[in-house]
Protein chains: 2
Amino acid sequence: MSIRKSKQPRIRRTPEESRANILSSAERLLTEQGPQTLRLADVAKEAGVANATVLHHFGTIDGVHTALMERMIAELVEKVMAIELTEDTEVSRAQALTTLFEAFEQKQASKLAAWLELTHQAGRLTNVRQVVRDVTRTKFHHQNVPEDVVEDVMLVCITLALGVGLFGQTLSEMLGKPPSRAKEMALSVLMLGLRQLEAERKS
Amino acid sequence: MSIRKSKQPRIRRTPEESRANILSSAERLLTEQGPQTLRLADVAKEAGVANATVLHHFGTIDGVHTALMERMIAELVEKVMAIELTEDTEVSRAQALTTLFEAFEQKQASKLAAWLELTHQAGRLTNVRQVVRDVTRTKFHHQNVPEDVVEDVMLVCITLALGVGLFGQTLSEMLGKPPSRAKEMALSVLMLGLRQLEAERKS
DNA sequence: TTTCTTATCGACATTTTTGTCAGTAGCGCT
DNA sequence: AGCGCTACTGACAAAAATGTCGATAAGAAA
């Protein structure tokens, strides 16, 4: 009558692999189930390991949170830095903006940012300014625009990309529209608005 | 040697007052400390009552969460509905937009929205579509623009207002700029972009 | 004053979540 | 094969969070 619980053989990973496995599971939980589910038992179950294994690699559940944040931040920064903006044309800009918006929505970066903001951990993003400056210099160096103006533009682009990434889909669907509508509208308005802003500045 | 713990006389409120007191405390915790601190003991302590008192009025801690969400939503809707847009002028629009942005940042509505989004409770906002439709009809009835276009515009405005409300201040300060810079930039871009969009539509 | 209602509370019980520890088992190395 | 290292695990302990219950007291009404 007893059900045989065929015990799986242990999987022994390298520490790096194991950490990556656990963090990937945690990231999945964060984005699909929300921050509440980032509990020890949940993470361990999602990763297919014992609770003690998670603690073995990260010390505490908070260690998991910290490591997850840092991993997601690093990935996002890498993605943003990879955006190409070789020419100063409308098309090139539109592409860059689209890529930026997608970077913030694809890897759930907006959810990460919201989590950091809500938990007052935004201070973790100490390198944001440096990244923005690097982008300003490396991507916009050929444009004859003052650097602080470029920074203002990037500020508004990032803010809007975050807003769209976090709320765009839900809001669009609430209004009975296709889920990408908010993003499309935001991109249109942003492109047109920035063009006008530049025109005004030149006069 | 024993320290006399002068026991306070009980405060006996009406059920409505007591609920309001508890919810206000919870709201303070949500916006100032983050959602993690919306625990029974934290809420009770902030409200200055015993844990059991909170449960007496709300049943469970989840009941507190639900009631808090509903209260904040109602307050926000009221604020948005109160926005005036009597004329179809640039100035009038700018004022309305500014008011909208402020509504989303003042009462921490963006944090509420982010909380709902992260916890997959956005479905609670069932009346968003109705509110948008009401606003479309009551505020824009005198403008000769199709209703679905107005809805698209409101979609982008709300999305951006949320983004600015949630991330604007932090991002601005990260880049070493005054905290309202993101909002100002967003408003500028939004006004210019919408004007252009309208111009394009007319041609 | 006395009575009645019920908001309030402290103490306790239950459940949930985190963390500890001693032993087990993969895997490389000799 | 035998050995050493350590990733891994289950069982248990500790802590934290939620919820229950009977008693108390504030205020209204008789």
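Here is what the cut-offs are and how they apply
- Residues numbered from 1 in each chain as written.
- Chains lettered and ligands numbered in written order.
- Predicted model: local features only at pLDDT ≥ 70, side-chain atom pairs only at ≥ 80, totals over all residues.
- Heavy atoms only, no water.
- Helix = DSSP H or I, 4+ residues; strand = E, 2+ residues; numbered from the N terminus.
- Buried < 20%, exposed > 50% of the residue type's maximum accessible area, 1.4 Å probe, protein only.
- Contact = heavy atoms within 4.5 Å.
- Areas by Shrake-Rupley, 256 points an atom, 1.4 Å probe, with all protein chains shown as cover.
- Near = heavy atom within 4 Å.
- Polar contact = N/O pair within 3.5 Å; in protein donor to acceptor, adjacent residues only side chain to side chain.
- Domains from an automatic or database assignment.
- Buried area = accessible area lost by both parts, 1.4 Å probe.
- Salt bridge = Lys/Arg side-chain N within 4 Å of Asp/Glu carboxyl O.
- Least-squares fit on C-alpha atoms with pLDDT ≥ 70 in both.

Moving on, we get to the overall build of chain A. In terms of regular secondary structure, chain A is built from nine helices and zero strands. Counting helices and strands in the order they occur from the N terminus, chain A gives α-α-α-α-α-α-α-α-α. In terms of principal-axis extent, the alpha carbons of chain A reach across some 85 × 40 × 30 Å. Taken across its 203 residues, chain A has 46% of its residues classed as buried. Long-range contacts, defined as pairs at least 24 residues apart, comprise 66% of the intrachain contacts of chain A with a sequence gap of at least 6. Entry remark: accessible area of chain A is about 10,800 Å², with carbon and sulfur atoms responsible for 52%.

Every α-helix carries 3.6 residues per turn, so stepping three or four residues along brings you back to the same face. Among the ten residues that make up helix H6 (residues 109-118) of chain A, ten are buried, leaving the element largely enclosed by the rest of the structure. Two residues or fewer past H6(A), His120(A) is found with a positive phi of approximately 60 degrees.

With that settled, the discussion passes to the protein's contact with DNA strand C. Taken together, 22 residues form the shell around DNA strand C, and within it Arg10(A), Leu40(A), Thr53(B), His56(B) and His57(B) come nearest. Counting only atoms of DNA strand C within 4 Å of the protein, the sugar-phosphate share comes to 63%. A distance of 3.1 Å separates a base oxygen of DNA strand C from a polar atom in the side chain of Arg12(B). Take Thr53(B): an N or O atom from its side chain is 2.7 Å from a phosphate oxygen of DNA strand C.

Let us look at the domain arrangement of chain A. Residue and element names in this part refer to chain A. With domains assigned, chain A is organised as domain 1 (11-59) and domain 2 (69-202). Placing the centre of domain 1 and that of domain 2 at their C-alpha centroids yields a distance of 30 Å. In this complex, domain 1 contributes eight residues to the contact, which on the side of domain 2 involves seven residues. Roughly 690 Å² of surface becomes buried between domain 1 and domain 2 when both sides are summed, with 61% attributable to carbon and sulfur atoms. The three residues of domain 1 that bury the most area against domain 2 are Glu27, Leu30 and Thr31, which together make up 69% of that side's buried surface. For the pair domain 1 and domain 2, the number of links is one salt bridge. In this structure, the salt-bridge partner of Arg71 is Glu27, at a minimum N-O distance of 3.1 Å. Along the contact surface separating domain 1 from domain 2 lie three residue pairs in polar contact (both at pLDDT 80 or more).

Of the transformation superimposing chain A on chain B, the axial component is 0.0 Å and the angular component is 180 degrees, with the fit at an RMSD of 0.1 Å. What we have between these two chains is a two-fold relation. A symmetric contact is evident, with 100% of the interface residues of chain A recurring at the interface of chain B.

Turning our eyes to something else, we now look at the pattern of salt bridges. In this structure the tally under the stated criterion is 25 salt bridges over all chains. Of the charged contacts in the structure, one is a salt bridge between Arg93(B) and Glu198(B), with a shortest N-O distance of 3.3 Å. Separated by 105 residues along the polypeptide, Arg93(B) in helix H5 (residues 90-106) and Glu198(B) in helix H9 (residues 181-202) bring together distant segments of the chain. Beyond isolated ion pairs, a larger network of salt bridges with shared partners links Arg133(A), Glu151(A), Asp152(A), Lys177(B), Arg181(B) and Glu184(B).

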